[in-house]
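Listed below, chain by chain, are the residues.
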Amino acid sequence: MRFTLIKDIKQDPFMRLVLSFLLLFIFIYLGSDLFVKHSSFGIFPLQISNTLYGDTEQFLDAISASLFLEFWHTEIFFCMMILFTLSTVYLRVSKASKGAIILVHVMMISAFLSLLTLFLAYYGSNFFVNFYVIFNFIWHIGAVGSSLDSFKRLYFA
Amino acid sequence: MLYAQKTSFSFLGTLNYYFGCETRFIVAKTNMGIWKLILPHIFAFALLSMLLLHFLLFTKFKQKAIPLVYTLFILQFLEIFSPFLISKGIVFFVIVKLLSLILYLALLIFVFILLVLSMRQS
């Protein structure tokens, strides 16, 4: 991304506008992602357990391995793309401040752990479902926070 | 091509795609179905627009390109979110969906041409 070469993005109305729209769409994506997951795969432990392992009392079938792997590989791609794009913008507009670097580290590590624990939950044990939920929320909240902070820094800092 | 294959790029084809069509065995799209469908597009379209537009920054077209940024992102928004209104029965948004998609693609090509022109001039 060549915009990283510009000296001061905030003083450039063109780049500020392009980044604002990008951040807006990332923000919408993050909200929609939680909403769609809530009504399909699940975002809370009980829902996710039902999806992964099924529930005989509710006559729910467990997700098949092929469907799970399809979901997992899409998650890996979108996590990676969202986080790399967002952190590039965030680190650039925050001038790589200490707080921004810590937040990006937290987001990256929690996203990686959420993907790992999801895999372990399906092929390992139910124990990892709770960890997946926690890490998934951490990276989503971090991403929402950093996109809002980037907006603030673009216009008000 | 994928869109054309599903809707044949026509008013009726798009309407059938969202409302369903018994003769063509197309199931009507629910709100959740539309959300699932548009979710990857929200990010993919934004990234594509941003990547292509930000190269204009290094060309002489930079100052004149601000209305282009607004137009491209607004068209993108209409293209992505109009299916919700189509599924609510507002048929007018079929036209909005088709026009926004065509204009969006045309503007992307236009930006691409501007970039190629500025590369050749420099």
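Caption draft 1: Highlighting the overall build of chain B. From N to C terminus, chain B includes five helices and zero strands. Start at the N end of chain B and walk to the C end: the helices and strands fall as α-α-α-α-α. For chain B, the spread of C-alpha atoms along the principal axes amounts to about 55 × 25 × 20 Å. Buried positions account for 26% of the 122 residues belonging to chain B. Nonlocal contacts in chain B, meaning residues at least 24 apart in sequence, comprise 61% of its contacts between residues at least 6 apart.

Caption draft 2: Expanded view of helix α3 (residues 31-54) of chain B. Here α3(B) is 24 residues long and its end C-alpha atoms lie 34 Å apart, about the 34 Å a rise of 1.5 Å per residue gives. The sharpest bend along α3(B) reaches about 35° and sits at B:I38, with the proline B:P40 one to four residues further on. When we look at burial in α3(B), the residues that qualify are B:I38, B:L39, B:I42, B:F43, B:F45, B:A46, B:S49, B:M50, B:L53 and B:H54. Contacts from the buried residues of α3(B) go to α1 (13-38) and α3 (65-93) of chain A together with α4 (66-87) and α5 (92-121) of chain B.

Caption draft 3: Molecular detail of the interface of chain B and chain A. Facing 20 residues of chain B, the contacting portion of chain A comprises 25 residues. Mapped onto the side of chain B that touches chain A, the elements with two or more residues apiece are α3 and α4 of chain B. Broken down by element, the residue count for the side of chain B that touches chain A peaks at 12 residues, all from α3(B). Here the residues of the side of chain B that touches chain A are counted per class, giving 17 nonpolar, one polar and two charged.

Caption draft 4: Main features of the packing of α4(B) against α5(B). Residues and elements named next belong to chain B. The interhelical angle for the contact between α4 and α5, taken along N-to-C directions, is 150°, at an axis separation of 8 Å. Judged by the inter-axis angle, α4 sits roughly antiparallel to α5. Crossing handedness for the pair α4 and α5: left-handed. Across the interface between the two elements, L68, T71, L72, L75, Q76, L78, E79, S82, P83, L85 and I86 from α4 touch F93, V94, V96, K97, S100, L101, L103, Y104, L107 and V111 from α5. The residue makeup of the contact of α4 with α5, split by class, is 15 nonpolar, four polar and two charged.

Caption draft 5: The nonpolar core, seen in detail. Core analysis: the biggest nonpolar cluster contains 54 residues, and A:V18, A:L22, A:I26, B:I42 and B:A46 have the highest contact counts within it. Breaking this core down by element, the ones donating at least two residues are α1, α2 (45-53), α3, α4 (98-123) and α5 (127-155) of chain A together with α3, α4 and α5 of chain B. Ranked by the residues each element gives to this core, the list is headed by α1(A), at 11 residues. In this structure, A:I26 is in contact with A:I82, A:L86, A:S147, B:F43 and B:A46, ignoring residues within four places of it in sequence. Membership of the second largest hydrophobic core comes to five residues, among which are B:Y17, B:I86, B:F93 and B:V94.

Caption draft 6: Looking closely at α5(B). Between its first and last C-alpha, α5(B) extends 43 Å over 30 residues, near the 44 Å set by a 1.5 Å rise per residue. The secondary structure elements touched by the buried residues of α5(B) are α2 (11-19), α3 and α4 of chain B.

Reading the values: rules and limits
Residues numbered from 1 in each chain as written. Chains lettered and ligands numbered in written order. Predicted model: local features only at pLDDT ≥ 70, side-chain atom pairs only at ≥ 80, totals over all residues. Helix = DSSP H or I, 4+ residues; strand = E, 2+ residues; numbered from the N terminus. Buried ≥ 20, exposed ≤ 12 C-beta atoms within 10 Å, placed from the backbone. Contact = placed C-beta atoms within 7 Å. Expected span 1.5 Å × (residues − 1). Bend = angle between axes of the 7 residues up to and from the residue. Nonpolar A, V, L, I, M, F, W, Y, C, P; charged D, E, K, R; others polar. Axes fitted to C-alpha atoms, helices over the stretch in contact; angles between N-to-C directions. Parallel < 35°, antiparallel > 145°, perpendicular 65-115°, else oblique. Left-handed = near helix turned anticlockwise from the far one by under 90°. Core = buried A, V, L, I, M, F, W, Y, C linked by C-beta atoms within 7 Å.

Keep in mind that these numbers describe shape and distance, not what the molecule does.
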